Amino acid sequence: MTDLITVWQRSTVAELSWISPSGPTGIPVVPLTLRDQVCVALPYSMADLALTLGGGHAAFSVTDQEAGGRVGLVGRGPVEVLEDLGGQEFAESLVEQEALKHPPTRLRADSLMARRENWWWVPRMIVTLTSVESVHELHPRTRATDALLVRDRHGHPEIDVVTADQWSDQSGSDIELWARGGTLLAGTDEPVFTFSHQYSPDFERWERWSRSGRLSGESLLVDRAESTPVGGEPSGPLQPYGLLERYGNHRSLARACRRGIAEAERRRPTD
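Owing to the predicted nature of the structure, the values given are computational and were not obtained by experimental measurement. (Residues numbered from 1 in each chain as written. Predicted model: local features only at pLDDT ≥ 70, side-chain atom pairs only at ≥ 80, totals over all residues. Heavy atoms only, no water.)

Peer 1: I'd like to hear about the pairing of strand β14 (residues 206–217), residue by residue, with values.
Peer 2: Sheet topology places strand β13 (residues 187–199) next to β14; twelve bridges connect them, and they run antiparallel. Bridging across to β14, G187 finds its partner in G217. The antiparallel hairpin formed by β13 and β14 contains six residues in its connecting segment, where F203 sits at a positive phi of about 65°. The pairing of β14 with strand β15 (residues 219–226) spans seven bridges and is antiparallel. From the neighbouring strand, L215 faces β15, where its bridge partner is L220. Here β14 folds back onto β15 in antiparallel fashion, the turn holding one residue. (Pairing = 2+ DSSP bridges. Helix = DSSP H or I, 4+ residues; strand = E, 2+ residues; numbered from the N terminus.)

Structure (structure tokens):
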């Protein structure tokens, strides 16, 4: 069995999946390590999602074949969520790792001057896998229609890689799924979340598409859909933003991070 931390360290992109109060969910992440533990450092634009992880279990997976691994791999266990509101831990231990894998961080935080200018990018919600309870291999995602399937197993996320001939984004649609590993999914009319992600070469565009609903046998009855920007079907690698789009995306992200930081400051206890 390939070691989780080895694959995690050599990979460029990964996924974090868990069971939130509203059900199974998952997001694409930059894989990092903190004191020999796998972790991710989410910007405060994602703080609301990160807060649903506290005290729970999560699955840390690498499934993109182009991201650094020949096999897909997932490790599961309990997580700890650290609110690094001042950004000290991120700046001291994680920013250089992330800058090597994620070009936007290289632009925003590879120097003290860049960090002062983009101060909102340095505070992070650091999610660490405190102990690895299980590790197993997955079939990697090798085509645009492949996705992760997340379902609840007694409060813990279970991960499969699945595919479909078409991914309808219409509520009430039935999507026939196939497990890429060749096994039957055998859904029990259970809530599930399927998602995948694609990115441009410069990572300024990194977008998730998803379908959620109930799985019966091999069929997903869609309840909600998050579509790709162009139409409802998954696509391959994204084209980079133009100059105006890049500027607009940067400003939108900055606003979302500043808003998350302001909300975190309001949550802090006062003396």
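Peer 1: Just give me the short version of the environment of W18, but keep the residues and values in it.
Peer 2: Among the secondary structure elements, W18 is positioned in strand β1 (residues 14–20). Of the residues examined, W18 reaches a relative accessible area of 1% and is grouped as buried. W18 sits 132 residues away from V150 along the chain, and the two C-alpha atoms are 7.8 Å apart. With residues up to four places along the chain from it excluded, the contact list for W18 reads G23, P24, T25, G26, I27, L49, T52, L53, H57, A58, V150 and P157. In terms of polar contacts, W18 uses its side chain to reach the side chain of T52, at 2.9 Å. (Buried < 20%, exposed > 50% of the residue type's maximum accessible area, 1.4 Å probe, protein only. Contact = heavy atoms within 4.5 Å. Polar contact = N/O pair within 3.5 Å; in protein donor to acceptor, adjacent residues only side chain to side chain.)

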